[in-house]
Amino acid sequence: MVYIIISLLSLLVLILTVRLHQYKRQMKIFAERTGARVEFDMNAPVSVDYFSKDIIDLANALNAYTDKAKKYNLDLAKEQQRLKNVMAGISHDFRTPLTAARGYLQLLDKKGAIGEGERKYYDIIIDKMDYLAMLSDAFFSVSKIEAGGEDIELRRVDITNLLTETLLDQYPWIEENGIRLTADIPEQDIYVMSNEDCLMRIFNNIFSNARKYAETSLSISLKQADPEDENNTSDKNNKYNKNDYILTFENDMELRDEVDSGRVLEAFYRGSSRTSEGSGLGLYIVDQLATRMDHKVEVEINKNIFRLALIFHDQYKIKQN
């Protein structure tokens, strides 16, 4: 009798041990499949191999939860897209009455309705309207980019020629502010797969940033990357390739300027500058446009030196003479 009881207890322990092992094994598989669904494929349901009612119920509950979460995320993405489209439309519509109001003010001035006593206030109003127009243009550009409403067609662009032309346009304010300019731009034509209009906007925004912050010097260089140079990138996990070209802008700043290099490319981030007005969107637009064209922007601040690098990855071709 005792032997029978012991045998039954042993069998029961064995069964419980096997069941526990099966549960642990199934829970491990269940956790792995759940993690894989979250990370790789939200459309793939979590399946179970061990047909325990409790585990099946758990799998069904998790699948229902993730399906609901997926739908919520899709609805949220659609709503965000709708809001971006609305904001793009609002920023565009805002520009029209602002331009009209400025035109009427100028018309009053031409008709002599603005006296000398009002001239000071008239000039202030015009300046503020121009500032609002600039903000509207910047906001419209950002809204259009984020809404995906701007198709960017990539073609071969001569960046040496485009950079030189842009620099010549910027030269008056550089000379007026007494900025010491150093330019190291190759004589040969260097072509990259890009978009000329977008690249022109990128250059203009970078120069606009330099105009706000440059204290005494501005240097520009366009060079082929040297993969062996450990200092050729601030991102040590993203070394340059030998076919990359790096366009670098450097300017000094006042030591009192507090600029967070980690936030420079964020929307609406602004540091202190000699100019009191700005949208804080210029470098954000630079980064967004560059990313859409498979270029890369890196920012580094060392003491009072601001450095922005625009990297063209594996795209260049040098025109043979």
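All values reported here derive from a predicted model rather than from experimental measurement.

**Observations regarding the overall build of the protein chain**
Looking only at helices and strands, one finds six helices and eight strands in the protein chain. Scanning the protein chain from its N terminus toward the C terminus, one meets helices and strands in the order α-α-α-β-α-β-β-α-β-β-α-β-β-β. Looking at the protein chain residue by residue over its 321 residues, the buried ones come to 34%. By sequence separation, contacts in the protein chain at least 24 residues apart represent 71% of the contacts at least 6 residues apart. For the protein chain, the exposed surface amounts to about 20100 Å²; the carbon and sulfur share of it is 54%.

**Digging into helix 5 (residues 196-213)**
Between the first and last C-alpha of helix 5 there are 26 Å, a value that for 18 residues agrees with the 26 Å anticipated at 1.5 Å per step. All of the buried residues along helix 5 are C198, L199, I202, F203, I206, F207, N209, A210 and Y213.

**Considering the side chain of N209**
Tracing the backbone shows N209 in helix 5. If sequence neighbours within four positions are ignored, N209 has contacts with L283 and F306.

**Thoughts on empty space enclosed by the protein**
One pass over the structure, following the stated rule, counts two cavities of 30 Å³ or more. The computed volume of the largest cavity comes to approximately 50 Å³. Around the largest cavity sit I206, N209, A210, L218, F249, N251, L283, F306 and L308, which together line it. Mapped onto the lining of the largest cavity, the elements with two or more residues apiece are helix 5, strand 5 (245-252) and strand 7 (305-312). When residues of the lining of the largest cavity are assigned to their parent elements, the largest contribution, three residues, is made by helix 5. Residues that form the lining of the largest cavity fall into these classes: seven nonpolar, two polar and no charged.

**Here we look at the environment of I202**
Mapped onto the elements, I202 comes out in helix 5. The exposure class of I202 is buried, given its relative accessible area of 0%. Each C-alpha atom, one on I202 and one on L289, is 7.5 Å from the other, the two residues being 87 residues apart in sequence. Once residues lying within four places of it in the same chain are set aside, the contact partners of I202 are V286, L289, A290, M293 and L310.

**Remarks on the packing of aromatic side chains**
Taken as a whole and judged by the stated rule, the model has one aromatic pair. Ring centres 5.6 Å apart and planes at 85° place the aromatic pair F207 and F249 in the edge-to-face group. Here the residue F207 occupies a position in helix 5, and F249 occupies one in strand 5, the gap between them amounting to 42 residues. As far as burial versus exposure is concerned, F207 and F249 are alike and both buried. Looking at R156, its charged tip hangs above the ring of Y191, at a distance of 4.3 Å from the centre.

**Overview of the pattern of salt bridges**
What the rule picks out here adds up to five salt bridges. Residues R119 and D109 are paired through a salt bridge, measuring 2.6 Å at the closest nitrogen-oxygen approach. With R119 in helix 3 (residues 116-146) and D109 in helix 2 (residues 53-110), this residue pair connects regions lying 10 residues apart in the sequence. Here R155 makes a salt bridge to E153, at a shortest N to O gap of 3.2 Å. With a relative accessible area of 48%, E153 lands in the partly exposed category. It is possible to trace a salt-bridge network through shared partners that takes in E250, E300 and R307.

**So, the sheet that holds strand 5**
Judged by pairing direction, the sheet is mixed, and its five strands sit side by side in the order 2-4-5-7-6 without closing on themselves. Lying at the two open borders of the sheet, with one neighbouring strand each, are strand 2 (180-184) and strand 6 (295-302). The average undirected angle you get between the axes of adjacent strands in this sheet is 10°. Packing of helix 5 onto the sheet brings it into contact with strand 4 (217-224), strand 5 and strand 7, and relative to strand 5 it is tilted by some 20°.

**As for the packing of helix 4 (residues 159-176) against helix 5**
It is the contact of helix 4 with helix 5, at a shortest axis distance of 10 Å, that shows an interaxial angle of 35°. For the element pair helix 4 and helix 5, the recorded crossing hand is right-handed. The segment helix 4 lies against helix 5, with I159, L162, L163, T166, L167, Q170 and W173 engaging E196, L199, M200, F203, N204, F207, A210 and R211. Considering only residue class, the contact of helix 4 with helix 5 consists of 10 nonpolar, three polar and two charged.

**Examining the confidence of the model for the protein chain**
Confidence along the protein chain averages 77 in pLDDT terms, with 72% of residues attaining 70 or more. Overall, residues 316-321 carries pLDDT values under 50, and its contacts beyond four positions in sequence, including any with other chains, amount to 17 contacts.

**Overview of a nonpolar patch on the surface**
On the surface, a nonpolar cluster with roughly 540 Å² of combined accessible area is contributed by M1, I5, L9, L12 and L16. Within the secondary structure, L9 sits in helix 1 (residues 2-39).

About the criteria used
Residues numbered from 1 in each chain as written. Predicted model: local features only at pLDDT ≥ 70, side-chain atom pairs only at ≥ 80, totals over all residues. Heavy atoms only, no water. Helix = DSSP H or I, 4+ residues; strand = E, 2+ residues; numbered from the N terminus. Buried < 20%, exposed > 50% of the residue type's maximum accessible area, 1.4 Å probe, protein only. Contact = heavy atoms within 4.5 Å. Areas by Shrake-Rupley, 256 points an atom, 1.4 Å probe, with all protein chains shown as cover. Expected span 1.5 Å × (residues − 1). 1 Å grid on protein atoms, 1.4 Å probe; cavity = no way out; pocket = protein on both sides within 12 Å on 5 of 7 lines; lining within 4 Å. Points joined across faces, edges and corners; volume = space filled by probe spheres on them. Nonpolar A, V, L, I, M, F, W, Y, C, P; charged D, E, K, R; others polar. Phe/Tyr/Trp six-rings, centres within 6.5 Å; stacked < 30°, edge-to-face > 60°. Lys NZ or Arg CZ within 6 Å of the ring centre and 35° of its normal. Salt bridge = Lys/Arg side-chain N within 4 Å of Asp/Glu carboxyl O. Pairing = 2+ DSSP bridges. Axes fitted to C-alpha atoms, helices over the stretch in contact; angles between N-to-C directions. Left-handed = near helix turned anticlockwise from the far one by under 90°. pLDDT = per-residue confidence, 0-100. Patch = residues over 30% accessible without salt bridge, like charges linked within 9 Å, V, L, I, M, F, W, Y side chains within 5 Å.

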